[in-house]
Amino acid sequence: MMLHRSISLLTVGCLLASAALAQKTAVQSIEEYRAMLQDGNPADLFEAKGEDLWKQKRGPKNASLEKCDLGKGPGVVKGAFVELPRYFSDTNKVQDLESRLLTCMETLQGFNAVEIAKTPFGRGEQNNMTALVTWISAESKGMKFNLSQVHPQEKTFYEVGKRLFFQRAGPHDFSCSSCHGQDNTRIRLQDLPNLTKNPGDGIGFAAWPAYRVSNGQMWGMQQRLNDCYRQQRFPYPGFASDATVALGVYLGVNSQGSASVAPAIKR
Amino acid sequence: MKTQHKITLSVLVAAAIIAGCATAPSSADLDKTTAAVVKSSFRDEGIVKASVLDTDETNKACSAADVAGKPLDEATAKAIEASNMKTIKWPANGKFLGNWQEGEKLAQSGRGLTWTDDAKTPNGGNCYNCHQIDKKEISFGTIGPSLYNFGKLRGVSDPNSPASKAMVEYTWGKIWNAKAYNACSNMPRAGHMGIMTEAQVADLVALLLDPKSPVNQ
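Nothing here was measured: the structure is a model prediction, and the numbers come from that model.

1. Section: the overall build of chain B
Across its full length, chain B carries 9 helices and 1 strand. If you list the helices and strands of chain B from N to C, you get α-α-β-α-α-α-α-α-α-α. In chain B, buried positions account for 40% of the 217 residues. When contacts within chain B are restricted to residue pairs at least 6 apart in sequence, long-range pairs at least 24 apart make up 57% of them.

In C-alpha cells:
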C-alpha cells in the first residue's frame, strides 16, 4: 500500500511499469509455492499407515482386510483403484473405493459400516479410511483409468452421476458444472478442470486422494466431493451415499485412459 | 434408517432396470432414479436444509438443458427470463447506488450459507471468485467476464443523469436476478434468493458504476 502511494508521485508510465512488476512478483511467488509443493508429499505417511491397516488384524472379528475383494479378486490391490467405482455382485451395488472398504470392514472385520459412514471426516475410523484409500490408490499410481460400463447398474449410475453433475440448486443455483463445465477458467487463482470431458492425466478425478498443503489434511475422493457440495451451498451428502458414488462413476468414466497420479499433492 | 434407504434405492434401481428390461432405461426413468438417489443421499447439516434442493423451474429447465447438451430453445429461454424479470425488486428509496467501499468488501467475501457457516455469518457477494473487478486485486476468477472499468466502458460518467438510467437499472437488475437477462446464467440471483439485501445490492452497483470507484479508474 505504502509503496503504491509513493509510486503514485511518479509518471503514469512508471506507475504502469511498477504495477506490472508487482503483479508479476505476486504470480511468481505463487508459482514458487506450487513448485515447492513438489519437493515431498506427506501423503507418503498416510500411505504407509494404510498398508499397515490393510494387513493388521482389527475389529470385533480380529481380521485383516487381506481377503477384501476390491473388484479384481480377494486381496488384489494393484490396479483395483483405477477400475472403481464398479458393480459388485455380492452387494448388488455399484461401489466406489470408500463404500467398498465399508463393506469389507463390516463383513471381514465386524465393524459397523453405518457407524463409520456417520463419523465425521478426520475422526476415528474415518482417519483409518483415509489412510487405506491413500495406500490403495498409490498401488495404482501411473495406471490408466478403465471403469467398466458393462453392467446395467454401471450405466445407470453414469447417467445419474451426469444428472447430479448438472443439478442446479441451493441459494446460489450452483451445480458442479458452474465451476467445472468450461475449459480454462479459475476461481480466484485456482485453475478449474473441465470435468464434463476427459481432463487428462493426473487432473480432476485422477488427482485424488491428495494431500492438501493449505490445511495439512489428506483427503480421499469422498471428502473432495463433500467439500465441493459444501461450497455449492448444498446439503450434506452422506459418506459413500449413492449420489457420491454416481458422481464418481461419471467423473471416472469421463477420465477413461487418463493416468492416476494419486496420492497427489495440492495447494 | 440408512440401511432402509439403501434397500429402497436398490429396489428402485432394480425396478428401473426391469422396467427397461432389454432396452436401456429412458431419460425419464433416469430422472426418476436420480431424484430417488438425491433423496436418499443428502441430509440437513448446520444451517443448510435438504429442502434447498427442491429448486425452481428455472434451475430445473437449465439443468435438463445441460444434461441434454443443448441450450434451451429461444421461446423457453425468453419465458424464463420474463418470469425472473418480474421478481426484481427495485430500490424502495429510488437510490440505486450505495457505497462502493462497502461494495468492494462484499465483492471480496465468499462467506455465508454453507453448512460450516452459522446464521450470523454475513453473506459475501462471491464476486471476485468469478470476476476481475478492481485491477489492484490480482486474485480473481475468470468464470464471469472482467468487470474492470464496467461503468467507464459503458459511458456512465454521472449515474444520476437520465442518460445513465438504463445502464443503472440493468446493473441493479443483473445483480438482483441474473436469470432475468440470461436464463441459464452461471451467476447467482443475489437479491432474488436473499443472498444480498437491498442495501448491499446498492453497494455493489456503486462498486461497478460510481465514477469514484476503483473499478472506473
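Read on for the rest.
2. As for the overall build of chain A
Looking only at helices and strands, one finds 10 helices and 8 strands in chain A. Relative to its full complement of 267 residues, chain A shows a buried share of 46%. Excluding contacts between residues fewer than 6 apart, the proportion of contacts in chain A whose partners are at least 24 apart in sequence is 68%.

3. Some details on the sheet that holds strand 8 (residues 264–266) of chain A
Residues and elements named next belong to chain A. If you walk across this open sheet you meet the 3 strands as 6-5-8, and the pairing is mixed. Bordering the open sheet on either side are strand 6 (217–219) and strand 8, each of which pairs with just one other strand. This sheet shows a mean twist of 25 degrees between the axes of neighbouring strands, independent of strand direction. Judged from the 3 bridges that link them, strand 5 (residues 210–212) and strand 6 form a sheet pairing that is antiparallel. Residue pairing across strands places R212 opposite Q217, the latter belonging to strand 6.

4. Quick word on the interface of chain B and chain A
Counting from both sides, the interface comprises 50 residues of chain B and, opposite them, 45 residues of chain A. Looking at the side of chain B that touches chain A, the elements with two or more residues in it are helix 1 (2–20), helix 2 (27–41), strand 1 (42–43), helix 3 (57–68) and helix 6 (127–130) of chain B. Broken down by element, the side of chain B that touches chain A gets its largest block of residues, 8 residues, from helix 2 of chain B.

5. Looking at the nonpolar core
In this structure, L132, I136, W208, A246, L247, V249 and Y250 of chain A are the most contacted members of the largest nonpolar core, which totals 67 residues. Each residue touching V249 of chain A, except ones within four places of it in the same chain, is listed here: P85, V94, L147, E154, F157, Y158 and G161 of chain A. Among the nonpolar cores identified, the runner-up in size contains 28 residues, and I133, F140, A190 and A202 of chain B belong to it.

6. Section: the environment of L195 of chain A
All names here are of chain A. Examined against the element boundaries, L195 turns out to sit in the loop between strand 4 (190–192) and strand 5. For L195 and D173, which are 22 residues apart along the polypeptide, the C-alpha to C-alpha distance reads 18 Å. In this view, L195 contacts C176, H180, G204, L251 and N254; residues no more than four positions away in its chain are not counted.

7. What about the confidence of the model for chain B?
Residues and elements named next belong to chain B. Per-residue confidence for chain B averages 92 on the pLDDT scale, and 90% of its residues sit at or above 70. Contacts from residues 1–8, a stretch scored under 50 in pLDDT, to residues over four places away or in other chains number 4 contacts. Interface confidence in the predicted complex, given as ipTM, is 0.91; pTM for the same model is 0.89.

8. Some points on helix 7 (residues 152–165) of chain A
Compared with the 20 Å implied by 1.5 Å per residue over 14 residues, the 20 Å span of helix 7 of chain A between its first and last C-alpha is a close match. For helix 7 of chain A, the buried fraction is high: 12 of the 14 residues fall into the buried class.

9. Observations concerning helix 9 (residues 221–231) of chain A
All names here are of chain A. Within helix 9, burial applies to M221, Q222, Q223, L225, N226 and Y229. On the buried face of helix 9, the contacting elements are helix 4 (97–107), strand 6, strand 7 (236–237) and helix 10 (242–254). Of the residues one or two after helix 9, R233 is the one with positive phi, at around 65 degrees.

10. Here's the deal with the environment of S214 of chain A
With respect to the helices and strands, the residue S214 of chain A is situated in the loop between strand 5 and strand 6. C-alpha of S214 of chain A to C-alpha of A43 of chain A: the two residues are 171 residues apart in sequence and 14 Å apart in space.

11. Observations regarding unusual backbone geometry
All names here are of chain A. For the peptide bond that leads from L84 to P85, omega is -5 degrees, which places it in the cis range. Here A262 and P263 are connected by a cis peptide whose omega angle stands at -5 degrees. Along the chain, P263 falls in the loop between helix 10 and strand 8. Backbone geometry places D173, a non-glycine residue, at a positive phi of 60 degrees. Note that D173 resides in the loop between helix 7 and helix 8 (176–180). Positive phi, normally seen in glycine, also occurs at R188, with a value near 50 degrees. Structurally, R188 can be placed in the loop between strand 3 (185–187) and strand 4.

Conventions we followed
Residues numbered from 1 in each chain as written. Chains lettered and ligands numbered in written order. Predicted model: local features only at pLDDT ≥ 70, side-chain atom pairs only at ≥ 80, totals over all residues. Helix = DSSP H or I, 4+ residues; strand = E, 2+ residues; numbered from the N terminus. Buried ≥ 20, exposed ≤ 12 C-beta atoms within 10 Å, placed from the backbone. Contact = placed C-beta atoms within 7 Å. Pairing = 2+ DSSP bridges. Axes fitted to C-alpha atoms, helices over the stretch in contact; angles between N-to-C directions. Core = buried A, V, L, I, M, F, W, Y, C linked by C-beta atoms within 7 Å. pLDDT = per-residue confidence, 0-100. Expected span 1.5 Å × (residues − 1).

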